[in-house]
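# Per-entry structural report
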Amino acid sequence: MRRALVLSSEAARHRMRFGLPQRRIMFADAPQAAPVDWKLTASDVRGVATTYFATFAAVLAFII
């Protein structure tokens, strides 16, 4: 048995990953971060409302 076969990367057999450099393969197997819980807060609603009314007032000022 050839030593090169023993030291090869297991990911090299995968048809999508055989072209990746070894340093990229290490990051591909890293565990993913926890999913972000997107919640709408009162501060978010206040910011959207403030932006909407400020834009509305600016457009109204240019029209008049």
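Preceding block: the structure.
My aim in this report is to walk through the structure given alongside it, one point at a time. (Residues numbered from 1 in each chain as written. Predicted model: local features only at pLDDT ≥ 70, side-chain atom pairs only at ≥ 80, totals over all residues. Heavy atoms only, no water.)

## Considering the overall build of the protein
Stated formally: Numbering of helices and strands starts at the N terminus; helices are DSSP runs of H or I of at least 4 residues and strands are runs of E of at least 2. Only protein chains enter the accessibility calculation, which uses a 1.4 Å probe. A residue is then buried if its area is under 20% of the maximum for its type, exposed if over 50%, and partly exposed in between. Areas reported as accessible are Shrake-Rupley estimates using a 1.4 Å probe. Residue values count occlusion only from the protein chains shown.
Regarding its fold elements, the protein presents 3 helices and 0 strands. When its helices and strands are written in sequence order, the protein yields α-α-α. The buried share of the protein, reckoned over its 64 residues, is 3%. When the accessible area of the protein is evaluated, it comes to approximately 6500 Å², of which 66% is carbon and sulfur surface.

## Describing a nonpolar patch on the surface
Keep this limit in mind: Patch building starts from residues that exceed 30% relative accessible area and form no salt bridge, then joins like charges within 9 Å and nonpolar side chains (Val, Leu, Ile, Met, Phe, Trp, Tyr) within 5 Å. Each reported salt bridge corresponds to a side-chain nitrogen of Lys or Arg within 4 Å of a carboxyl oxygen of Asp or Glu.
A cluster of nonpolar residues, Tyr52, Phe53, Phe56, Val59, Leu60, Ile63 and Ile64, forms a patch on the protein surface that exposes about 830 Å² of accessible area. With respect to the element layout, Phe53 can be found in helix H3 (residues 42-63). For Phe53, a relative accessible area of 54% puts it in the exposed group.

## Description of the packing of aromatic side chains
For clarity, the threshold we go by: Centre distance within 6.5 Å is the pairing criterion for rings of Phe, Tyr and Trp, where only the six-membered ring of Trp is used; planes under 30 degrees apart are then read as stacked, over 60 as edge-to-face, and the remainder as tilted.
Enumeration over the complete set of coordinates arrives at 1 aromatic pair. The interplanar angle of 75° and the centroid separation of 5.3 Å between the aromatic rings of Tyr52 and Phe53 together place this pair among those described as edge-to-face. Overall, the relative accessible area of 53% leaves Tyr52 in the exposed class.

## With respect to the pattern of salt bridges
In this structure the tally under the stated criterion is 1 salt bridge. Lys39 serves as the salt-bridge partner of Asp37, at 3.6 Å between the closest nitrogen and oxygen. Neither residue differs from the other here; Asp37 and Lys39 are each classed as exposed.

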